[in-house]
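Secondary and tertiary structure notes
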Amino acid sequence: MEFFFNLVPLIPLIPLLAFAAIVLFTHRNNRLSSNIAIGGIALSTLVSWGVVLATILAGEHVQVEGWELPIPWLPTGTTVFNTGFAVDGFTAAMLFMVPFVCTMIFIYSQGYMNLGQPNQDPRYARFFAYISLFAAGMLGLVVADNLLLLFISWEVMGLCSYLLIGFWSFRDRDNEQHIDEAQVKRARAAALKAFITTRVGDVLLFSGLALLFSYTGTLTFREIFRPDMLEHLGSISLLGMPAVTVIALLAFGGAVGKSAQFPLHVWLPDAMEGPTPVSALIHAATMVAAGVYLVARMLPLFVAGFETANAPALQWVAVIGAITAFFGATIGLAQDDIKRVLAYSTISQLGYMMMGLGLGSLVAGIFHLLTHAFFKALLFLGSGSVIHGMEHGHHAAGAHGQTSQHDDGFSANDMKTMGGLRHKMPRTFWPYMAGTLALVGIVPFAGFWSKDEILAEAFQRWQESGALGLPFWVWLAGTLGALITALYMGRQIALVFWGEPRHEAATHAHESPNSMTGPLMVLAVFALIGGLANAPFLGSPLHHFMGGVHEASEVVHSATVSFNFAVAGLSTVVALLGLLGGWAIYRNYRAGEVEPFQRWLGPIFTLLRNKYYVDELYQLVIIRPVVWLADQVFNFDNRWVVDPLVNLVGAVGRAAADISLLFDKVAVDSGLVEGTAKAFNAFGGWLRQTQTGRVQNYLLVVAVTVLMLLGLYLYL
Amino acid sequence: MTLNQLLTLLLPEIVLTVAAFVVLGLDLIWRGDEVRGRWLPWVAFLGVLLTLVATIAVWPMAGVGGRPLALTVGQGFGGDAIPMMALDGLALFFKLFTVLVLLIVTLSAGEYVQTHTPFRGEFYALMLLAGLSIMLASAATNLVMIYLAIEFLSITSYVLTGYLRDDPRSTEAAIKYFIYGAGASAVMLYGFSLLYGATGTTDLAAIATALTAGSTTVRWLVFPATIMALAGLGFKIALVPFHQWSPDAYEGAPTPVTAFLSVGPKAAGFAVLMRLLLTALPGFQVDWVGVLAGVAIITMSLGNLVALRQTNVKRLLAYSSIAQAGYMLIGLAALAPLSESWTTGLNGLLLYLFAYLFTNLGAFAIVIAVENRTGSAQISDFAGLIRRAPFLAVAMFIFLLSLIGIPPTGGFLGKLFVFGAAIQQRMILLAVVGIINSVVSVYYYYAIIREMFFGQAGDAESIPVTPSLKLVVGVNAVMVLAIALYAEPFIRLATESVQMLAAKF
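Bear in mind the structure is a predicted one, so any value in this text is a computation, not a measurement.

**Concerning the interface of chain A and chain B**
Counting residues at the interface gives 26 residues for chain A and 34 residues for chain B. Across the chain A/chain B interface, buried area totals approximately 2,800 Å², and carbon plus sulfur atoms make up 71% of it. There are 0 salt bridges connecting chain A and chain B. Elements that contribute at least two residues to the side of chain A that touches chain B include exactly strand E1 (67-76), helix H29 (642-679) and helix H31 (694-715) of chain A. For the side of chain A that touches chain B, the class distribution of residues is 17 nonpolar, 4 polar and 5 charged.

Here's what the structure looks like:
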C-alpha cells in the first residue's frame, strides 16, 4: 500500500488539469465540461482515499512521522529551496474529508446550475472550471510539506473565492432572471469585500512567513518544527516577545481573515451572493477550513517557549475563537435569509474550532472541522435545494397568474416567505433535519461528539486551574453558544419546514432533481455517523490516528480528554431546550407579523439584526477615509503632478531613443567615423580608397575602438 | 591516446560531418525536386538526432577537469602532442546546445527554404557544418584551433546569409558581413599572435603558466592582445561597438539563417571568450573585467534604445539580441574567482544562453510562420494575430515575456542569476543598468504584444501553420516555461558545465 503515497502529487494535480482542460479545450461543451470537473474530483477522491487507507495500514511511522516527497526546486544562493508533498495522520484526515465533500458539491452543482434546462447558466462551463481550481487549491494546501506551497494554494483559493462570489456580478443575456441590477451590485460588492478582507489577513500571514524564513532559512514544516529550531526562534526577542510568538500571531492573522474570525468575519455572510454550491464549498470543505488547518499545522509555533496553558499566542486563539463563537451565534438569531443564518452559524462554529486549538488540543479542533464540513455542506446544499424549489415555485405561481411575475418584494432566500415545505420537499427535509441535529449537537449526531470534546477540554482545563480563568470563560461562551445555536436552528426549521406556506412561491414549491438530493442523502449519512470517528466509547480512533503529528516538536503533546458526562449532559439539555424552544416559538409564525424575538428583545434584536453595526463601523472608520484618500491621491496623480511628470519622462525617453538612433546613424557611422578619419588622415584615406560602402565605416569603428582602448591602457 | 580513442571521443563531430556530406551527396543523387524538397530536411534532422545520440554517448567519458584531445596522430610529426581540444563540461554543454539549435532550425526552415530557393541540399549541409564549427570552437583549447573553428563558422555563416542570391538584400547583407568579418578576424588573429609572441605557446593552459612564470616584460602585451581578441569574438557575439554588421545581416539573411545567426555564433563566441579569459588569462582579471563591464553596459543600452524605434520585427529582434548579449556578458564580468559561489555569474550566463536558445528560436519560428503568409515581417503584420493564429500569438507572448525577463519564464531565471552575480560582486552599477534596460525593453516588446492582441488585422484570414513549425513553437514555449518552473536540472547542468573551469583557478 505504500505505493499509493507516490500518487500524492496527483491529488491536487487532477482538479488542476480538469480546470486547464475546461478552460482551454472543452468550454464550449457544457455537459462535457461539468463531467470533466466531476470526474477529476472523483478521481482525486479515489486517490485520496487510497492514501488514507495506506496511512491507516502503514501505522505509526507514517501517521506520526509522516511520508515526504521533497522536490528540489529553486536554488537560492548556496542552498536549494525545496518544495514538495507530505502526508501524515493529520493530512490523511483532511484528505478523507476535503475531496469527498467537494465531489458531493460538484455533483450537486450540475443540478443547481440547471444543466440541460432552458434556464441553464450561460457561464456554466466556467463555473465548473473555477470550482475545480478551487478544489485544486485546497488539496494543494493540504498536501503541501512547506509554507510556500501552502501559501500559493491559499492565494489560489483567495482568487477563486473572488471569482465565484462575484460569479453573478454581470449578466450577458436577458434570460438570466435570477440576476437583476441589485444582484449585480451586491455580487460585485461581496466579491470585492471578500477579497480585500481576506487580503488583510494574507498580508499578515505573508509577513509572518517572511519573518520565519529570514530567521530559519527554511519553510519546510519538518525543519521548522525541530526542537532546536523552535528553541532558536524562541530565544530571539522581537517587539518584546519571543520571535516565534510574533510569527505565530501573524500566521493567526492570516487564519482570522481566511476563517472569518472576529474582527475579519464580515466578508463571509456577504459571500452568500455567489451560487449556493460555492457557499457550501467555501463554508465547508475549502476556504474557511484552510485557516483552521493553518493554525493546527503550525501549532508548535504557537506553543513554543511556553507551557500549553499559558502560551500567549495560544490564548489569543482561544479568546478570538470564544468571542467569535458566541457573537456569531447571536447574530444568527436575527437573520431572515436562510443562507445568512447558516453563514453566521459557520462563523460561530469556526470559533469553536479555534477554541479547541487555542486550548492546545489539535484533535478537538480538527475533529470539529471534519464533522462540521460534512453537516455544514449538507445544510448549505439543503438550503440551496430549498431556494431552488422556491424559485421554481415562484415561476410556477407566475405562470398560474396568481402573482405578477415581478413582485419586487420577493426573495427566494427569505425564510419568512417559506413554510410547510416538509411536505413539498421531503427528500430535502429529512437530510436537512439530520444536518440540523448534527449542528445543534444532539446524540448521536456527529456534531455532538466533536463539540462536546471541545467543551470537555475547556471544562477540564478550568477544573485543573481551579480559578475563573480563560478556560472557564471559553467553556461558558461555548455552552451559551450551543444554546443560541439550537435556538436559531429551531427558528430556521420552524420557519422553513413547518407552519403554513407564507407566500405563493412556497405553495407551488416542488422537490429538486436527484442530482441535488442525492448528495444530500450521502452527506446526511455522514452527519449521522461521522462522530464515530473519534467517539470516546470506541477509544477515540481519530486521536490515535493524528494526535501524534506534532510530537516531534516536543512542545505539543496529545492527551485524550475523558468523556465528561456532566459537560455532555449539560450541553445536550441546552441543545434540546433551544431547538424545541425555537421550534415551538416560530412554528405558528404568520407572514407579516412582528416576530417573537423582536417583540421580546426590542433594541437588542435590532442590534443583532444589524450585526452589531460592525460593517457600518468599518465603513465609517476605514472605507470612507480610504476612499477619500484615494480620491485625493487620484487627483494628485492624474490632474496635478504625477501624470504630467510621467508624460514628461516618456517624452524624454523617446527623445533619448531618437538621439541614440541618430547617434548610431549620424555620429557613429558618419560624424565620429569621418571625423576620426580626418584625424587619422592617411589611415582613413587608405581605407577610403580600398573600400566602398558603409562597411568601411563599420570597420573603422572597430579599429577606432581597439585603438582607443589601447590608448587608454597605455596612457593609464 | 590511440587513434581509436580519439575517434570515439570525437564521435559527435564525426557524425555531424558525415550527416552534412550525406545531405550534400543525396542532393546530387536524388532526382526530382519534389522528393529532395520534402525529404532532405528530414535527412538533416535525422543526422542531427544521431549527433545528439553520439553526444549523449560520449557524455560519461568526459572526466573531471576534461579530457584533452591532442590532434597529432601518429609519431611522424615529431615533438609533443599538443592538446587541441578538450572534452569537458563546457564542451559538452555547447555540443548539446548546438544540437538543439540545429534541430529547431532545420525543423522551422522547411517551408521557408522550399519556397525561397531551389538549392536546398546545400542549405542544410551548410547549416550542419556551421553547427559543427560551433562544436569545434567551444571545445578548442588552442589558439590555432580556436581561430580555425571561428573562421569555419564565419565562412559558413557568410554563405548562408547570402543564400538567396537573387535577392539583392541578401547578397548585400552577406557582402557586408563578409568584409566586416574579415576585418574583425584579422584583428583577432593579430591579438592571438601577440599572445603567442609573449609566451611561445598556443595552448591556453600553457599560456597561463607561461604568463605567471615568465618574465614580466612581456606582460604588457597581454592587454592589447585581449582587446584584439575581444574585437574578433565581440564581432561573433555582436557586442557593441562590434555590432554594426548584425542588423543589416539579420534583416537581409533568410529568416531561418537569421534565427541561427542570432543564437549559434553568439554561443560560440561566449564559449571561446569564457575559455580564453578563464583558462589563459585568469591572472589578468583586473584588466579585462573593467572592459567587459563597460562593453556590457553600452551593449545593453544601445541595443535597447535603438530597438525602441524599429518597425521591422526581424530588425527589432536583431537589436534585442544585441541587448540580450549585453545582459549575458554581465555574467562573465561579475566573476568572483575567490569566493565560494564564484560560478553564479557563469551559471547565469549558461542558463541565460539556454533559455535564450528556446526563446529566440521560438520567436523566430513565429516570424517565419507569419512571413511565409504575409511576405514581410513588419510589426503591423502581427496585428490581430490572436484571432488569426491564437496558438502563435500565445506562444509569442510567452517568448516575449521571457525576453523581457518576467517569471515564470527561462529569461527571468537567467536575468535573476546574472544580476544576482553582479550584486554579489558589488557591481551595483552593472546590475542597475541591466535592470533599467530591462524596463526600457518592455516598451518595444510590448509593442508587439499590443499589436498581436489589440491590433486590428487588415486581413482576417487565419494563418495556417505547418505541423513541424507548430511542433517547434510548442516545444520551445514549453521549454521556456519548464526552465523556470523546474529549474533545478537546468541549473545543475550549468553548474556541472563550468566545473572544469573552476579547476583552473
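Next, the rest of the story.
**Remarks on unusual backbone geometry**
That bond from phenylalanine 262 of chain A to proline 263 of chain A is cis: its omega, 5°, falls within 30 degrees of zero. Note on placement: proline 263 of chain A falls in the loop between helix H10 (243-258) and helix H11 (267-270). In the segment running from proline 407 of chain B into proline 408 of chain B, the intervening peptide bond is cis, with an omega of 0°. Mapping proline 408 of chain B onto the fold places it in the loop between helix H16 (390-404) and helix H17 (410-424). The phi dihedral of tyrosine 613 of chain A is positive, around 60°, even though this residue is not glycine. Mapped onto the elements, tyrosine 613 of chain A comes out in the loop between helix H27 (603-609) and helix H28 (614-640). Despite not being glycine, alanine 238 of chain B has its phi angle at roughly 65°, a positive value. On the secondary structure map, alanine 238 of chain B appears in the loop between helix H9 (222-237) and helix H10 (245-252). Exposure remark for alanine 238 of chain B: the relative accessible area of 1% places this residue in the buried category.

**As for the environment of leucine 107 of chain B**
Assignment of secondary structure puts leucine 107 of chain B in helix H4 (residues 89-116). Ignoring sequence-local partners within four residues, the contact set of leucine 107 of chain B consists of Trp42, Phe45, Ser468, Leu471 and Val472 of chain B.

**Quick word on the confidence of the model for chain B**
Residue and element names in this part refer to chain B. This prediction gives chain B a mean pLDDT of 86; 93% of its residues lie at or above 70. Of all helices and strands in chain B, the one with the weakest mean pLDDT is strand E1 (residues 67-70) (66), whereas helix H6 (residues 143-161) scores best (94). Reported confidence for the predicted complex is 0.74 by ipTM and 0.69 by pTM.

**Re helix H20 (residues 446-465) of chain A**
Residues and elements named next belong to chain A. An ideal rise of 1.5 Å per residue puts 28 Å on 20 residues; H20 measures up with 30 Å between its terminal C-alpha atoms. Within H20, 15 of the 20 residues are buried, which leaves the element mostly enclosed by the surrounding structure. Phi turns positive, to about 75°, at glycine 466, one or two residues after H20.

**Comments concerning the nonpolar core**
Of all hydrophobic cores here, the largest spans 209 residues; its most connected members are Phe97, Phe354 and Phe382 of chain B. No other element matches the 20 residues that helix H14 (residues 344-374) of chain B contributes to this core. If near-sequence neighbours (up to four positions away) are discounted, phenylalanine 97 of chain B is found in contact with Val263, Ala267, Leu353, Phe354 and Leu357 of chain B. Core analysis: the next-biggest nonpolar cluster, separate from the first, contains 197 residues, Leu150, Met298, Leu333 and Val341 of chain A among them.

**Some thoughts on the packing of helix H6 (residues 147-165) of chain A against H10 of chain A**
Residues and elements named next belong to chain A. Where H6 contacts H10, the axes come no closer than 12 Å and their chain directions differ by 25°. Judged by the inter-axis angle, H6 sits roughly parallel to H10. Two packed elements cross with a definite hand, and for H6 against H10 that hand is left-handed. Contact residues: H6 offers Trp154, Met157 and Gly158, while H10 offers Gly254, Ala255 and Lys258. Split by residue class, the contact of H6 with H10 holds 3 nonpolar, 2 polar and 1 charged.

**With respect to the packing of aromatic side chains**
Residues and elements named next belong to chain A. Scanning the entire structure with this criterion turns up 55 aromatic pairs over all chains. With a centroid separation of 5.5 Å and an interplanar angle of 20°, the aromatic rings of phenylalanine 5 and tryptophan 67 are classed as stacked. Taken together, the residues phenylalanine 5 in the segment before helix H1 (10-26) and tryptophan 67 in strand E1 connect sequence positions 62 residues apart. Under the relative-accessibility criterion, phenylalanine 5 is labelled buried at 0%. When its relative accessible area of 15% is taken as the criterion, tryptophan 67 is described as buried. We note arginine 491 situated over the ring of tyrosine 586; from NZ or CZ to the ring centre the distance is 5.2 Å. Its end group placed over the ring of tryptophan 583, arginine 587 keeps NZ or CZ at 4.7 Å from the ring centre.

**Structural notes on the environment of leucine 139 of chain A**
Residue and element names in this part refer to chain A. Locating leucine 139 in the fold gives a position in helix H5 (residues 124-143). Since its relative accessible area comes to 0%, leucine 139 is described here as buried. Taking the C-alpha atoms as reference points, leucine 139 and leucine 150, separated by 11 residues in sequence, lie 9.7 Å from one another.

**Comments concerning helix H9 (residues 227-235) of chain A**
What sets the pattern is the α-helix's 3.6 residues per turn: residues three or four places apart point alike. Residues and elements named next belong to chain A. For H9, every residue scored as buried is listed here: Met229, Leu230 and Leu233. Considered in projection along H9, the buried side chains sweep an arc of 100° and stay on one side of the axis. Away from the buried face of H9 by more than 90 degrees, exposed residues Glu231 and Ser235 are located. Among the structural elements, helix H7 (181-216), helix H8 (221-224), strand E4 (241-242), H10 and helix H14 (299-303) are those in contact with the buried residues of H9.

Rules behind the numbers
Residues numbered from 1 in each chain as written. Chains lettered and ligands numbered in written order. Predicted model: local features only at pLDDT ≥ 70, side-chain atom pairs only at ≥ 80, totals over all residues. Heavy atoms only, no water. Contact = heavy atoms within 4.5 Å. Buried area = accessible area lost by both parts, 1.4 Å probe. Salt bridge = Lys/Arg side-chain N within 4 Å of Asp/Glu carboxyl O. Helix = DSSP H or I, 4+ residues; strand = E, 2+ residues; numbered from the N terminus. Nonpolar A, V, L, I, M, F, W, Y, C, P; charged D, E, K, R; others polar. Buried < 20%, exposed > 50% of the residue type's maximum accessible area, 1.4 Å probe, protein only. pLDDT = per-residue confidence, 0-100. Expected span 1.5 Å × (residues − 1). Core = buried A, V, L, I, M, F, W, Y, C linked by side-chain atoms within 4.5 Å. Axes fitted to C-alpha atoms, helices over the stretch in contact; angles between N-to-C directions. Parallel < 35°, antiparallel > 145°, perpendicular 65-115°, else oblique. Left-handed = near helix turned anticlockwise from the far one by under 90°. Phe/Tyr/Trp six-rings, centres within 6.5 Å; stacked < 30°, edge-to-face > 60°. Lys NZ or Arg CZ within 6 Å of the ring centre and 35° of its normal. Arc of directions from axis to C-beta.

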